[in-house]
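These are the residues of each chain, in order.
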Amino acid sequence: MPSTPRPRLARFADLAALSEAVAEETIALCRSRQAEGAVPCLVLTGGSGGAAVLAALAAHPELRTVDWRRVRLLWGDERWVPAGHPERNDRLADETLLAAVAHDPALVHRVPASDSGLDLDGAAAAYAELVDGLERIDLVLSGVGPDGHVASIFPGRDDLLSATASAIPVRDSPKPPPERVSLTLPALNRAERSWLLAAGAAKAEAVAGIVAPGPETLPAARLAGSAETTLWADEAALGAQ
Ligand SMILES: O=C(O)[C@H](O)[C@@H](O)[C@H](O)[C@H](O)COP(=O)(O)O
């Protein structure tokens, strides 16, 4: 497969500094797009990195310089649990960013939940149709798993790595819960900007695999924004890099 260009590296002392910087740049991006008269489209992530960035956004002094009623939000993946379940990734946003600003629920595109009346395949198909209808994705935030997964695209899972639909059902996830809906690599790579989040020593092996891919290119090393790809990492995750 054609090699993916290496991401730009942004290094920070720790997750707090990293998430503050990502929040700052996310606000700047949204302001810039709104100044052009556009509705910024952001794809959020779960995990500890995603949670830290959302908390940093909610606390940022310039948060309200963005009109969040005119920002479109999606998720790179979602756990197959009922709406409002503590394991839902959208709950992280509900408890931080969306609790802090006025927003338009019609622009907050939640993945259908397991109690939505759809089955897992139907929920994935519905989300894929939504993603296919998007004119532009300005930014994808992707937390990097210790094994180098992003969203719910896991290494060694050719069924997930080779998927071409924009969103797919995921079963037997090595990270609980076992069932999820995930955007695929082609969908994630529609983004103008792709930002990978990696903090903590547990991510050091994955980060090494992003900075210098081995024979098996990790899912995280296959992400590339059309305009920019940045690996936001702290010293613990960078290790000897
Ligand atoms: O639904 C999920 O679990 C996340 O979207 C997942 O992709 C996460 O971002 C990574 O697993 C990193 O999570 P940690 O930073 O908590 O390891």
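Just so it is clear, the structure is predicted and the values come from calculations on it, not from any experiment. Numbers given for residues are sequential positions, taken from 1 along each chain in its written order. Confidence filtering applies because this is a predicted model: local features only for residues at pLDDT of at least 70, side-chain atom pairs given and counted only at 80 or more, and all residues used for totals across whole chains, interfaces and linings. Side-chain numbers here rest on the full set of heavy atoms in the structure, without hydrogens or water.

(A) Seen up close, the environment of H149. Structurally, the position occupied by H149 is in the loop between β5 (137-143) and α6 (158-161). Taking C-alpha positions, H149 is 19 Å from D90, a pair spaced 59 residues apart along the chain. The criterion used for residue contact is that any of the two residues' heavy atoms lie within 4.5 Å. Sequence-distant contacts of H149, defined by excluding residues within four places in its chain, comprise G143, V144, F154, P155, K175 and P219. Engagement of the side chain of H149 in a polar contact is seen with the side chain of D147, the distance being 2.6 Å. Helix and strand assignments follow DSSP, with helices taken as H or I runs no shorter than four residues and strands as E runs no shorter than two, numbered in order from the N terminus. By the criterion applied in these results, polar contacts are pairs of N or O atoms within 3.5 Å in which, for protein atoms, one can donate a hydrogen and the other can accept it, and in which residues neighboring in sequence qualify only through two side-chain atoms.

(B) The UniProt feature "domain: Glucosamine/galactosamine-6-phosphate isomerase" (unreviewed entry) in the chain, seen in detail. The feature "domain: Glucosamine/galactosamine-6-phosphate isomerase" (unreviewed entry), as given by UniProt, occupies residues 14-232 in the numbering adopted here. This span, residues 14-232, is 33% helix and 18% strand, and a straight line between its end C-alpha atoms measures 10 Å. UniProt positions are given in the numbering used here, feature names are shortened, and annotations may be inferred rather than shown by experiment.

(C) Summary view of the site of the ligand. For this description, a residue counts as near a given molecule or strand if any of its non-hydrogen atoms is within 4 Å of it. Around the ligand, the surrounding shell holds 16 residues, and the nearest of these are S48, D77, H149, A151 and K175. Here an oxygen atom of the ligand and a side-chain polar atom of S48 are 2.7 Å apart. A distance of 2.7 Å is found between an oxygen atom of the ligand and a backbone nitrogen or oxygen belonging to A151. Relative to its unbound accessible area of 420 Å², the ligand is 90% covered by the protein chains. Mapped onto the shell around the ligand, the elements with two or more residues apiece are α2 (47-59) and β4 (77-79). Per-element accounting of the shell around the ligand gives the leading share, 3 residues, to α2. We call Asp, Glu, Lys and Arg charged. Ala, Val, Leu, Ile, Met, Phe, Trp, Tyr, Cys and Pro are nonpolar, and the rest, Gly among them, are polar. A per-class count over the shell around the ligand returns 2 nonpolar, 9 polar and 5 charged. All accessibility values rest on the Shrake-Rupley procedure with a 1.4 Å probe; residue burial counts only the protein chains present in the view.

(D) Molecular detail of the pairing of strand β3 (residues 72-75). A pair of strands is considered paired only if DSSP assigns at least 2 bridges between the two. Bridge count for strand β2 (residues 41-44) against β3 is 4 bridges, and the pairing is parallel. In the sheet register, C41 faces β3, and the bridge partner there is R72. With its strands directed away from the observer, a crossover is right-handed exactly when the path from the first strand over the helix to the second travels clockwise. With α2 bridging β2 and its parallel neighbour β3, the resulting β-α-β unit is right-handed.

(E) Here's a closer look at the packing of aromatic side chains. Note on aromatic pairs: the rings of Phe, Tyr and Trp (six-membered ring only in Trp) are paired at centre separations within 6.5 Å, and the planes decide the class, stacked below 30 degrees, edge-to-face beyond 60, tilted for the rest. Inspection of the entire model under this criterion finds 2 aromatic pairs. Here the aromatic rings of F12 and W232 are separated by 5.7 Å at their centres, their planes lie at 5°, and the arrangement is stacked. With F12 in strand β1 (residues 8-12) and W232 in strand β9 (residues 228-234), this residue pair connects regions lying 220 residues apart in the sequence. With a relative accessible area of 19%, F12 lands in the buried category. With 5.1 Å between their ring centres and 55° between their planes, W195 and W232 make a pair best called tilted. Within this pair, whereas W195 is found in strand β8 (residues 191-198), its partner W232 is found in strand β9, the two being separated by 37 residues in sequence. One aromatic cluster in this structure is built from F12, W195 and W232. Throughout, exposure labels follow a simple rule: accessible area from a 1.4 Å probe, protein chains only, divided by the maximum for the residue type, with under 20% read as buried, over 50% as exposed, and the rest as partly exposed.

(F) Looking closely at unusual backbone geometry. The residue after P176, namely P177, is reached through a cis peptide bond having omega -5°. When you line up the elements, P177 lands in the loop between β6 (167-170) and β7 (180-183). Although it is not a glycine, A151 adopts a positive phi angle of roughly 50°. Tracing the sequence through the fold places A151 in the loop between β5 and α6. For D172, which is not a glycine, the phi torsion comes out positive at approximately 60°.

(G) Summary view of the sheet that holds β6. Strand order in this open sheet of 3 strands is β4-β7-β6, and the pairing throughout is antiparallel. A strand with exactly one partner marks an edge of an open sheet, and here the two such strands are β4 and β6. Sheet twist, expressed as the average angle between the axes of neighbouring strands with direction ignored, equals 15°. Across 3 bridges, the pairing between β4 and β7 is antiparallel. Axis lines are fitted to C-alpha atoms, over the contacting stretch for helices. Their N-to-C directions set the angle, which ranges from 0 to 180 degrees.

(H) A look at the pattern of salt bridges. We define a salt bridge as a contact between a side-chain nitrogen of Lys or Arg and a carboxyl oxygen of Asp or Glu at a distance within 4 Å. Enumeration according to the criterion identifies 18 salt bridges in this entry. Between R110 and D94 there is a salt bridge, with the nearest N and O atoms lying 2.7 Å from each other. Of the two residues, R110 sits in the loop between α4 (97-100) and α5 (120-132) while D94 sits in helix α3 (residues 89-94), which places them 16 residues apart along the sequence. Take D94: its relative accessible area is 31%, and that puts it in the partly exposed class. Through salt bridges with shared partners, a single ionic network connects R33, E36, R136, D138 and E192.

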